[in-house]
Amino acid sequence: MRNINAALIFLSATLFVSCKKEYSCECFNPRGVFKTYSIRDTEENALLKCENYSKEYQSIPFSETACELK
């Protein structure tokens, strides 16, 4: 019985940690926020997607634009 309880607790914890949530990726420059992306994914994947959005704006020389996950 203890093994079943331990397995259920472990499974529940694993599912809770890896669940998808709604995240917001805000892209901004010195003038303020100009674009907001809505990302529904795990935190790790949402962070990677937000970094990719940020890289899109880094092709412009001397760009002061960045994106941040909220």
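Details of the structure are given in the entry above.
A brief structural summary. What you see is a predicted model, and the numbers here were worked out from it, not measured in a lab. (Residues numbered from 1 in each chain as written. Predicted model: local features only at pLDDT ≥ 70, side-chain atom pairs only at ≥ 80, totals over all residues. Heavy atoms only, no water.)

### Focus: the side chain of Thr42
By secondary structure assignment, the location of Thr42 is in the loop between β2 (32–41) and α2 (43–57). In terms of polar contacts, Thr42 uses its side chain to reach the side chain of Asn45, at 3.3 Å. (Helix = DSSP H or I, 4+ residues; strand = E, 2+ residues; numbered from the N terminus. Polar contact = N/O pair within 3.5 Å; in protein donor to acceptor, adjacent residues only side chain to side chain.)

### Examining the nonpolar core
Formed by Tyr23, Cys25, Cys27, Tyr37, Ile39, Ala46, Cys50, Tyr57 and Cys67, the largest nonpolar core amounts to nine residues. Every element with two or more residues in this core is listed here: β1 (21–29), β2 and α2. The residues contacting Tyr37, other than those within four sequence positions of it, are Tyr23, Ser24, Cys25, Cys27, Tyr53, Glu56 and Tyr57. (Core = buried A, V, L, I, M, F, W, Y, C linked by side-chain atoms within 4.5 Å. Buried < 20%, exposed > 50% of the residue type's maximum accessible area, 1.4 Å probe, protein only. Contact = heavy atoms within 4.5 Å.)

### Notes on unusual backbone geometry
It is generally the case that most residues other than glycine have a negative phi and that most peptide bonds are trans. For Phe62, which is not glycine, the phi dihedral falls at a positive 60°. As for its placement among the helices and strands, Phe62 is situated in the loop between α2 and β3 (66–69).

### What about the pattern of salt bridges?
Applying the stated criterion across every chain, the model contains two salt bridges. Taking the shortest distance from any N to any O, the salt bridge between Glu68 and Lys70 comes out at 3.0 Å. Classification of Glu68 as partly exposed rests on a relative accessible area of 38%. Owing to a relative accessible area of 52%, Lys70 belongs among the exposed residues under this scheme. (Salt bridge = Lys/Arg side-chain N within 4 Å of Asp/Glu carboxyl O.)

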